[in-house]
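Chain by chain, the residues run as shown.
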Amino acid sequence: MILKTYIFIIFTTLFLHWETSETKSRGDIGQASLPPRGWNSYDSFCWTITEEEFLQNAELVAQRLKPHGYEYVVVDFLWYRKKTIGAYTDSYGFDVFDEWGRMVPDPGRWPSSQGGKGFSEVAGKVHSMGLKFGIHVMRGLSLQAFNANTLVLDSTTGKAFEEAGRQWRAQDIGIKERTCAWMKNGFMSVNTKLGAGRAFLRSLYQQYADWGVDFVKLDCVFGDDLDLDEIIVVSEVLNELSRPIIYSLSPGTNAKPIIAKEVSGLVNMYRVTGDDWDTWEDVAAHFNVARDFTAANLVGVKGLKGKSWPDLDMLPLGWLTEAGSNEGPHRYCRLNLDEQRTQVTLWSMVRSPLIFGGDMRKLDASTFSLLTNPTLLEINWFSSNNMEFHYVKGSLSSSGKHSLINHTEDKEKINVLETRVLALRSCKDVKANGWSTKVLDSVEKVCWEENSNKRQAPFCLNKREALSASEGETVYQHQNLGRLHLFVTERTELCFGASSNRKLAANEISRGSFSRCRSHANQMWENYNGTLMNSYSGLCAIMDFVRASSGGIRSWLATGRRGEIYLAFFNLNNQVTKMSAKLSDITNAIHATSSKCSGREVWSGTNLGAIKDSISMPVNAHGCALFVLNCT
């Protein structure tokens, strides 16, 4: 008996020591100390999910994915919208809000919210499962609340906000000309320069904290829809709250590193692409984005009360719905197994948050295996020195008769089509300075000539004074923009606008669009010192050169916490490609002195044995190979 007790004490001591060491190695200090993992309802339910469906999924996350580090379950957008005839993703008049203009769950879909309880009971049930609860929210103020002209709550007093001897209302703080471009009937920015505007935002996030929310995904404030003022104020509010809340930004279409550097320290996650859906084009579109954000040293840097992570978007695997649908999950992922492996491998190699989007109730064995692969999860949390590896070769035929495809630091020998597009960038980007005013054929134009081919005519937009605001409309002027202008095409009834009127997919290039001329700030520009700055977003127009490739090969490299080396081959071609890399190039890239290596390939289970000079393997179309190397 004494011996058994002694053994038990030793075992317990060792276990506690291991648990403490593992916890420390995970770096659980501060918020989002590691890339967050979890589940989100959007890919499988769009906006239509009910309380029962959400809790069913949460319970399965707790049972099956929580042991693998997945801890957040997030209700995506429009949880406040009534599911009834006429309601859809951009309908008007179906949202439920309180007397202070704050969205509250639709009691028809979320019955536990009745009596002013909001998400309190749902959050409590999620917490009892050992998980954390999250919600999606939109920028600023809803159009419905604006039109109802609700009072603004002062959360410090519990009464209407008063300043300058009066009570403030929604129409005092809402900026109707800055509605979310892809949800024009939904939400608008608030004027954060006003005390009432800041009080409104504070009342929102205080309510979320009171409900027990652990994760907030704020949409339509980043990338093309940049609202830096709201991002800053919300970050300040969350920093002051006693309840820790992960702060995530979405969608981030066209979110370049130069813009991300302004927000990375304010948040914990931020989307760097449009919506990722289950098409190969969407998956392939993430390679350049991942390269740019990793090269900019933005992965795992200081964020709100912890760290921040560029987010490649949710994993649309398993049982899904359609983008913008009014229907719940009804089909399987359209990516084949090779494409799915490519996606999860890339997400892990670049240390993106892993947020699964499929319906947990129909989680198949293949998808579960991808989500819980121990090597991928190890790389995602604990790898370092993550980088795109440029010294990889590929041949499109096993005979070697086809010329090699080299992806090096200087060039890619692949089929490339270069196209000019009118895109949007941060005005701090040096390439944004390329516009000048010219008079051509007696018409004043603004033309782009920076780095243009002298034998090619410059791209020009006709210029005229901005339209006057209609009665009752106030044109929102971005600070320091000065006098606003409107630039038009030859068809003068169409004006250039800065944001899409719908959510973009990851593979779509964010470019300006032309639509009927209005007094909306989205269509107003200022030509200043060679730039075209938009009044809606504060971003600048630029003529960008887009390289659309028909295929190619890519590779990524990282090191493990125990000294192992991770090497991933990615074949973006439409046919099997034999890929190879020299061992000396691999070790030189991570400044290792090892000369003797052995290893294995994860997906095939191939044991490579002792590696002499190089690693070589045929990789399926749109597939990948993942090697774990141990060197001495």
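Attention here is on the structure that accompanies the text. None of these values were measured; they are calculated from a predicted model. (Residues numbered from 1 in each chain as written. Predicted model: local features only at pLDDT ≥ 70, side-chain atom pairs only at ≥ 80, totals over all residues. Heavy atoms only, no water.)

**Remarks on the nonpolar core**
As a reminder, the rule being used: Here the nonpolar core consists of buried residues drawn from Ala, Val, Leu, Ile, Met, Phe, Trp, Tyr and Cys, with membership extended through side-chain atoms lying within 4.5 Å. The rule is simple: take the accessible area with a 1.4 Å probe, protein chains only, and divide by the maximum for that residue type; under 20% is buried, over 50% is exposed, in between is partly exposed. Runs of H or I in DSSP of at least four residues are treated as helices and runs of E of at least two as strands, each being numbered from the N terminus.
In this structure, Phe 54, Trp 79, Phe 133, Tyr 205 and Leu 249 are the most contacted members of the largest nonpolar core, which totals 141 residues. Of all the elements, helix α7 (residues 195-211) adds the most residues to this core, at 9 residues. Counting 20 residues, the second-largest nonpolar core is a separate cluster that includes Phe 389, Ile 586, Ile 590 and Ile 611.

**Thoughts on the sheet that holds strand β4 (residues 141-142)**
As a reminder of what qualifies: Here the rule is simple: two strands pair whenever DSSP picks up at least two bridges between them.
One open sheet holds the 3 strands; their spatial order is β4-β10-β9, and the pairing between them is antiparallel. Edge positions in the open sheet fall to β4 and β9 (174-179), since each of these has one partner strand only. Strand direction decides the pairing type here: β4 and strand β10 (residues 187-190), joined by 2 bridges, are antiparallel. For Ser 142, the partnering residue across the bridge sits in β10 and is Phe 187.

**Considering the sheet that holds strand β3 (residues 132-138)**
Threshold: Angles here are taken between N-to-C directions and fall from 0 to 180 degrees, while the axes themselves are lines fitted to C-alpha atoms, restricted in helices to the stretch in contact.
If you walk across this open sheet you meet the 9 strands as β14-β15-β13-β12-β11-β3-β2-β1-β18, and the pairing is mixed. The open sheet has two free edges, formed respectively by β14 (301-303) and β18 (354-356), since each of these has just one partner strand. The sheet shows a mean angle of 30 degrees between the axes of neighbouring strands, direction not considered. By the bridge criterion, 3 bridges tie strand β13 (residues 269-271) to strand β15 (residues 306-311) in an arrangement that is parallel. When the sheet's bridge partners are listed, Arg 271 is paired in β15 with Asp 311.

**Some words on the environment of Ser 537**
To keep things clear, this is the line we draw: Here, two residues are considered to be in contact whenever any of their heavy atoms come within 4.5 Å of each other.
Secondary-structure assignment places Ser 537 in the loop between β30 (531-534) and β31 (540-549). In the structure, Ser 537 is positioned 316 residues away from Val 221 in sequence and 9.0 Å away in space, judged by C-alpha atoms. In contact with Ser 537, other than residues within four places in its own chain, are Arg 178, Asp 224 and Leu 226.

**As for helix α14 (residues 374-382)**
Spacing of three or four residues puts side chains on the same side of an α-helix, whose turn is 3.6 residues. Counting buried positions over the 9 residues of α14 gives 8, a clear majority of the element. Those residues of α14 lying buried are Thr 375, Leu 376, Leu 377, Glu 378, Ile 379, Asn 380, Trp 381 and Phe 382.

**Quick word on the side chain of Gln 343**
Note on placement: Gln 343 falls in helix α12 (residues 337-349). The contact partners of Gln 343, leaving out residues within four places of it in the chain, are Asp 276, Val 283, Met 314, Leu 315, Pro 316, Leu 317 and Leu 335.

**Considerations on the pattern of salt bridges**
Operational definition: Salt bridge, as applied in this entry: a Lys or Arg side-chain nitrogen positioned within 4 Å of an Asp or Glu carboxyl oxygen.
The tally for this structure, following the rule as stated, stands at 25 salt bridges. Ionic pairing is found between Glu 388 and Arg 554, a salt bridge with its closest N-O pair at 2.7 Å. In this pair, Glu 388 is assigned in strand β19 (residues 384-388) and Arg 554 in strand β32 (residues 553-559), connecting sequence segments 166 residues apart. Residue Glu 388 shares its accessibility class with Arg 554, and that shared class is buried. What you see here is one network of salt bridges that share partners, running through Asp 219, Arg 271, Asp 275, Asp 313 and Lys 503.

**Observations concerning the state of the cysteines**
Here a disulfide denotes one covalent bond, and it connects the sulfur atoms of two cysteines. The cut-off we apply is this: When two cysteine sulfur atoms lie within 2.5 Å, the pair is treated as a disulfide.
The full count for this structure, using the stated rule, is 4 disulfides. Between Cys 447 and Cys 460 runs a disulfide, and the two sulfur atoms are separated by 2.0 Å. Taking the sign of the S-S torsion, about 105 degrees here, the bridge from Cys 447 to Cys 460 comes out right-handed. Highlighted residues: Cys 447 in strand β24 (residues 443-448) and Cys 460 in strand β25 (residues 459-465), separated in sequence by 13 residues.

**Brief notes about unusual backbone geometry**
Across the junction of Ser 250 and Pro 251, the peptide omega takes the value 0 degrees, indicating a cis bond. Inspection of the secondary structure assignment puts Pro 251 in the loop between β12 (246-250) and α9 (257-263). In the Ramachandran plot, Asn 297 falls in the positive-phi region, its phi being about 55 degrees despite a non-glycine side chain. Tracing the backbone through its elements, the reader meets Asn 297 in the loop between α11 (286-295) and β14. Unusually for a residue other than glycine, Asn 385 sits at a positive phi of about 55 degrees. On the secondary structure map, Asn 385 appears in strand β19. In this structure Asn 385 comes out as partly exposed when scored by relative accessible area, which is 45%.

Such coordinate-based values are descriptive only and should not be taken to indicate function.
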